[in-house]
Amino acid sequence: MTASTVADTAAQEGRPRARRGADLIVKSNLLLVFLGLCVVASLLAPQFLTGRNIANLLQQSSLTGIVAIGMTMVVLTAGIDLSVGSVAAFGGMTIALLMGSGVPVLPAILVSVAAGAVFGAFMGGLSAYLTLPSFMTTLAGLTAVRGLTYLLTDGKPAEAGGSEGFQLLGGGFIGYVPIVGIIFVAITVLAAVVLRGTTFGEYVYAVGSNKEAARLSGLPVRGVITTVFAVSGALAALAGVLLTSRLTVGQPTAFNGLELDAIAAVVLGGTNLFGGRGGVFGTFVAVLLLSVLRNLCNLLGLGSFFQMVVTGLILLVALVLNLLIERRGARA
Amino acid sequence: MTATTERLRMTGIVKRFPGTVALDGVELSVRPGEVHCLLGENGAGKSTLMKILAGSYRPDEGTILLDGQPYAPATPHAGLAAGIAVIYQELDLLPDLTVAQNLLLGRAPRLGPFVRRGQRAKLARAALDRVGATFPVTARVGDLPIAAQQLTAIAKALTADARVIVMDEPSATLGESELLAVFEVIRSLTAEGRSVIFISHRMDEVMEIGDRATVLRDGRAVGVHDLASTGPDELVAAMIGEAGELVGATDRPAPKGEPLLRVERAHVPGLLDVRDLDVRPGEVVGLAGLGGAGRTTLLRALFGDLKAQVDARLDGRPLKVTSPAAAVRAGLALVPESRKEQGLMLGLSVSRNAAVGALGRPPWLLPGRTGRRLTAPALADLGVKASGPGQLVGQLSGGNQQKVVLAKWITRGGIRVLLLDEPTRGLDVGAKADLYRQVRHLADQGVAVLLASSELNELTANADRIEVLYEGRNVAHFDPRVSPENVIAHTVITGAAP
């Protein structure tokens, strides 16, 4: 794969080769930093490379990761979804209440996820059809949906109960591998296939790259935008469902600030906030990287305050690095 | 002539752009207290000359004397400091700021870090009074009518104490009475000894306000006229040249048969009112007109990109188009005016750009591979020069980019009507010829083509028929096989059929 890419690039003229080379460096850059960090972590903290720790790590990062995948699709169309934390909490509460009142697992999951999709479609649709900035429509959603979540139970947690099977969904392991981790990987692969392997994915990149040109090419620009927000809402609600499954309780206060974690992962993963460039694999690696960083701080006994500073700095360094590499690529 | 009687002298100004010479040794001389009109067809070099004067462009050759002193501005800021103020057609005012803020932007009176608001309001008021404007200086510029914005821009030029004020087609956005007010201001300016360079297409305005006129044609100054002793016909003749012969007109017979596209009426209140425009299959109909005559508006209206009332038939059936997507389904294709902003996704590859219109049908999978397969024939036929289908389209030359836009529609297939809006803007001569060859090739396959261009010679060379738009109406049509270019140009400028 790498070899053929290099061969292709070599056959091309100077500028594109530099550009592609820059892309390649940016992409593998993140992966290298991630692997480097893992090595450092295993040296500093011997517990890091234990199966149990890795399993926990994956378990913790998967929910944010699932949301970040939806966020990646939104950002690729040059939008942003600030409501994911609230929608995730709403999804978690909905399934808790449904299960608590005796609804079978499968319909309960479907209804909860569908509710998230409807919220997303509504906010994305408002943004697409009335040309409102999605920053504003989803900011409104962040507040309103969180409020709705509290209203469901007057702010109290809801007991989900449910079968052991349902609890396994969010909290179970196959060997050392958490089931949520498998779901995260599956969703990443599915999103990659949709983005790279379907016409819809092509439209996502086209809309994000130049909305006006996409419209004048006859593409259903508004439909594409509405759909990616629906996907983001559905994935956020799914994350909520999985958390409720693990805790067996729906928490209306859950996922506060999730949107920022997700956006951080998307940006660190190399997706352009102005749309049209990037992809879910970058996001995937970035989610793991951020969570290894957190894990390492924990193992070293560094407090969460310290973690926040480090995470912020890492983000900044990564952005500046990407910019420098891209500039050099553009100049060459 | 000595330096003292001249405010401005531009000598031997040459400006080359890749593939074209925009100015080829232009002379311009402006006296103090004079309204000097600058005339010329689209592309004659007026804007380029004024951008050099303002400091936006550096000339490749030539010298400028301002009140006898050498003047070579490196930036628009330097030009302004030297006393050259340019009022562009697109007013460079900040719509969210107040009139006072705009008038003294960057030059507001200060006390330490604080703006002296009272002092600024006083200065702004004085500037507005000088142009006879009565609106308050606290008004937000974006809330003002266009004429008031125009007056604000003039007042801004005055706060800079300009010696030469350039007005680029101020009448394009002004009504009759507002124009008279601007003329009053111009007269008071020249009475103070300032010089005004006035650019306009409208002969009646030029005759009314101008003292002298320099006519540009094909990047050269072809004459300086004293307007007191020159008639408008003489000026128009100078603008379009004496060439009465047919220039490279197409030698094909005109396509016959029933019209494929029949526009009974296309109406946008205040902008466009085109009636009875037919295009036959295989026919290339050129749309000629000055800037703002409605060429782009007509194409956008037909393509559903504009709220317009369009009564049209395609192949005898009523054509109902409410959005670009519906237009594409009906078999219309648009090559928009700005390929970078409206035609292409610059950050995506050649094949992804060319395939994007064709993917809206099964198979829904593997758009990358499907796209490369679908687009390969069109890209090869058009002769798009790229390092490969994976090259970013933003890295191609203008001509190749425009071909990718065309490839997008050819790949999609099923085009009945091709709408081209200034398709050759910024292309060199070879790329232009190449593009027109491809358009002709499409027409030969039965596509009806509407070609809007400000380059009349390109229309006469490539169109089967030329419709002239003037102030939103189609005032006349010509057969380029029998009508010489200067006759058509006369109608383009005056709006009067011969």
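Residues numbered from 1 in each chain as written. Chains lettered and ligands numbered in written order. Predicted model: local features only at pLDDT ≥ 70, side-chain atom pairs only at ≥ 80, totals over all residues.

Caption draft 1: Representation of the domain arrangement of chain B within the structure. Residues and elements named next belong to chain B. Domain boundaries in chain B define domain 1 (3–240) and domain 2 (261–494). Each of domain 1 and domain 2 was reduced to a C-alpha centroid, and the two centroids are 35 Å apart. In this complex, domain 1 contributes twelve residues to the contact, which on the side of domain 2 involves twelve residues. In terms of residue count, helix H8 (residues 232–240) provides more of the side of domain 1 that touches domain 2 than any other element does, three residues in total. (Domains from an automatic or database assignment. Contact = placed C-beta atoms within 7 Å. Helix = DSSP H or I, 4+ residues; strand = E, 2+ residues; numbered from the N terminus.)

Caption draft 2: Representation of the sheet that holds strand S3 (residues 35–39) of chain B in the model. Residues and elements named next belong to chain B. Overall, mixed pairing links the six strands, which are arranged S6-S9-S10-S3-S11-S12 in an open sheet. On the outer flanks of this sheet lie strand S6 (84–87) and strand S12 (220–226), each paired with one strand and no other. Averaged over neighbouring strand pairs, the angle between their axes works out to 20° when direction is ignored. Bridging between strand S9 (residues 164–168) and strand S10 (residues 195–199) involves five bridges; their strand directions are parallel. Within S10, the residue paired with Asp168 across the bridge is Ile199. Here helix H1 (residues 46–54) sits on the sheet and contacts S3, S6, S9, S10 and strand S11 (212–217); the angle it forms with S6, its principal contact strand, is near 140°. Running over the sheet, helix H6 (residues 176–191) touches S3, S9 and S10 and is turned about 145° from S10. (Pairing = 2+ DSSP bridges. Axes fitted to C-alpha atoms, helices over the stretch in contact; angles between N-to-C directions.)

Caption draft 3: Spotlight on the interface of chain A and chain B. Taken residue by residue, the interface counts 25 residues in chain A and 29 residues in chain B. Elements with a minimum of two residues in the side of chain A that touches chain B: helix H2 (14–44), helix H8 (179–197), helix H9 (199–209) and helix H10 (211–216) of chain A. Among the elements that line the side of chain A that touches chain B, the one with the most residues is H9 of chain A, at six residues. Of the residues assigned to the side of chain A that touches chain B, the class counts are seven nonpolar, ten polar and eight charged. (Nonpolar A, V, L, I, M, F, W, Y, C, P; charged D, E, K, R; others polar.)

Caption draft 4: Local environment of the sheet that holds strand S16 (residues 309–314) of chain B. Residue and element names in this part refer to chain B. Strand order in the open sheet formed by four strands is S14-S13-S16-S17, and the pairing between neighbours is antiparallel. A strand with exactly one partner marks an edge of an open sheet, and here the two such strands are strand S14 (272–279) and strand S17 (317–318). Pairing geometry for S16 and S17, over two bridges, is antiparallel. Paired with Leu314 across the two strands is Arg317, which belongs to S17. Here helix H9 (residues 295–302) sits on the sheet in contact with strand S13 (261–268), S14 and S16, set at roughly 110° to S13.

Caption draft 5: Quick look at the nonpolar core. Val67 and Ala88 of chain A together with Leu419, Val449 and Leu450 of chain B are the most contacted members of the largest nonpolar core, which has 233 residues in total. The greatest single-element share of this core, amounting to 16 residues, is contributed by helix H11 (residues 221–247) of chain A. Split by domain, the residues of this core number at least three in each of domain 1 (3–240) and domain 2 (261–494) of chain B. Beyond its immediate stretch of four places on either side in the chain, Val67 of chain A contacts Val84, Ala88, Leu235, Ala236, Ala239, Leu258 and Ala262 of chain A. (Core = buried A, V, L, I, M, F, W, Y, C linked by C-beta atoms within 7 Å. Buried ≥ 20, exposed ≤ 12 C-beta atoms within 10 Å, placed from the backbone.)

Caption draft 6: Examining the packing of helix H13 (residues 367–382) of chain B against helix H14 (residues 398–412) of chain B more closely. Residues and elements named next belong to chain B. Between H13 and H14, the least distance of the axes is 9 Å, while the angle of their chain directions is 135°. As the angle between them shows, H13 and H14 are arranged oblique. Our pair here, H13 against H14, has a crossing hand that is right-handed. Mapping the contact onto sequence places Leu374, Thr375, Ala378, Leu379 and Leu382 in H13 and Lys403, Leu406, Ala407, Ile410 and Thr411 in H14. Class assignment of the residues belonging to the contact of H13 with H14 gives a composition of seven nonpolar, two polar and one charged. (Parallel < 35°, antiparallel > 145°, perpendicular 65-115°, else oblique. Left-handed = near helix turned anticlockwise from the far one by under 90°.)

Caption draft 7: Geometry of the pairing of S10 of chain B. Residue and element names in this part refer to chain B. Judged by how many residues are buried, S10 sits mostly within the fold: five of five residues are covered. By the alternation rule, side chains of S10 split into Ser195, Ile197 and Ile199 and Val196 and Phe198, which are all buried. Looking at chain direction, S3 and S10 are connected through four bridges and run parallel. Pairing of Cys37 across the sheet is with Phe198, part of S10.

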